[in-house]
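Take a look at the letters that make up each chain.
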Amino acid sequence: MTQPRSAPMPAVLRTGRPPRHAALAVRCPHCAAAVDTRCTTRSGRARTVRLDPCPARLAAHATATAVCPTCQVEPGIPCHDDGVQRPDSSPVHAQRYTEAQEDAA
């Protein structure tokens, strides 16, 4: 009996799970989700699993893994504006998010 010709199955389809977001490699400072687990809501009622990581987790991942092209700081050091710490509303420069995504890909 001959085998049918077919292309090899991609690894993503073989596992049956979607690819993991790179930001899941750090603990979420907002909802306290552990490494490799999805973020949840912080309501007092039943916790709901979020599909996307919290913005705070994305910022923590960018800070931990990427060099900031704007303020020229190394990974692990928070962004600043001329020596002044950035506000909590935007703790990371937009270019640093881009660098973190490129490094993860």
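Our subject in this report is the structure included herewith.

Rules behind the numbers
- By convention here, each chain's residues receive numbers from 1 onward along its written sequence.
- Whole-chain, interface and lining totals are the exception, using all residues; otherwise, since this is a predicted model, local features are given only for residues with pLDDT of at least 70 and side-chain atom pairs are given and counted only at 80 or more.
- Side-chain calculation: all heavy atoms of the structure are included, whereas hydrogens and water are not.
- Secondary structure elements are taken from DSSP: a helix is a run of H or I of four residues or more, a strand is a run of E of two residues or more, and numbering for both begins at the N terminus.
- Accessible area is worked out with a 1.4 Å probe on protein chains only. A residue is then buried under 20% of its type maximum, exposed over 50%, and partly exposed in between.
- Contacts are residue-level and defined by heavy atoms, with any inter-residue pair within 4.5 Å sufficient.
- Here the Shrake-Rupley method, with its probe set to 1.4 Å, supplies the accessible areas, and only the displayed protein chains count as covering residues.
- Grouping buried Ala, Val, Leu, Ile, Met, Phe, Trp, Tyr and Cys residues that are joined through side-chain atoms within 4.5 Å yields what is termed a nonpolar core.
- Disulfide assignment relies on a single distance test, namely cysteine sulfur atoms paired within 2.5 Å.

Points about the overall build of the protein chain
Alright, step 1. Looking only at helices and strands, one finds three helices and two strands in the protein chain.
Alright, step 2. Counted from the first residue to the last, the protein chain has its helices and strands arranged as α-α-β-β-α.
Alright, step 3. Out of the 105 residues in the protein chain, the part that is buried amounts to 24%.
Alright, step 4. For the protein chain, the share of sequence-separated contacts (at least 6 apart) that also reach a separation of at least 24 residues comes to 39%.
Alright, step 5. Here the protein chain has roughly 7,900 Å² of accessible surface; of this, 55% comes from carbon and sulfur atoms.

Describing unusual backbone geometry
Alright, step 1. Although it is not a glycine, Asp36 adopts a positive phi angle of roughly 65 degrees.
Alright, step 2. Within the secondary structure, Asp36 sits in the loop between helix H1 (11–15) and helix H2 (55–65).
Alright, step 3. The phi angle at Asp82 is positive, at roughly 55 degrees, despite the residue not being glycine.
Alright, step 4. In this structure, Asp82 sits in the loop between strand E1 (80–81) and strand E2 (84–85).

Quick word on the nonpolar core
Alright, step 1. Counting nine residues, the largest nonpolar core is built from Ala59, Ala62, Ala66, Cys68, Cys71, Val73, Cys79, Val92 and Ala100.
Alright, step 2. Those residues in contact with Ala62 that lie beyond four places of it in its chain are Val92, Arg96, Tyr97 and Ala100.
Alright, step 3. Counting five residues, the second largest nonpolar core, distinct from the first, contains Cys31, Ala33, Cys39 and Cys54.

Describing the state of the cysteines
Alright, step 1. Applying the stated rule across the entire model yields zero disulfides.
Alright, step 2. Counting only cysteine sulfurs, Cys39 is the nearest neighbor of Cys54, a cysteine outside any disulfide, at a range of 3.6 Å.
Alright, step 3. In this structure Cys79 is a free cysteine whose sulfur lies 3.7 Å from that of Cys68, the closest cysteine sulfur available.

Focus on H2
Alright, step 1. For H2, the set of buried residues is Arg57, Ala59, His61, Ala62 and Thr63.
Alright, step 2. Residues of H2 that are buried make contact with helix H3 (94–104).

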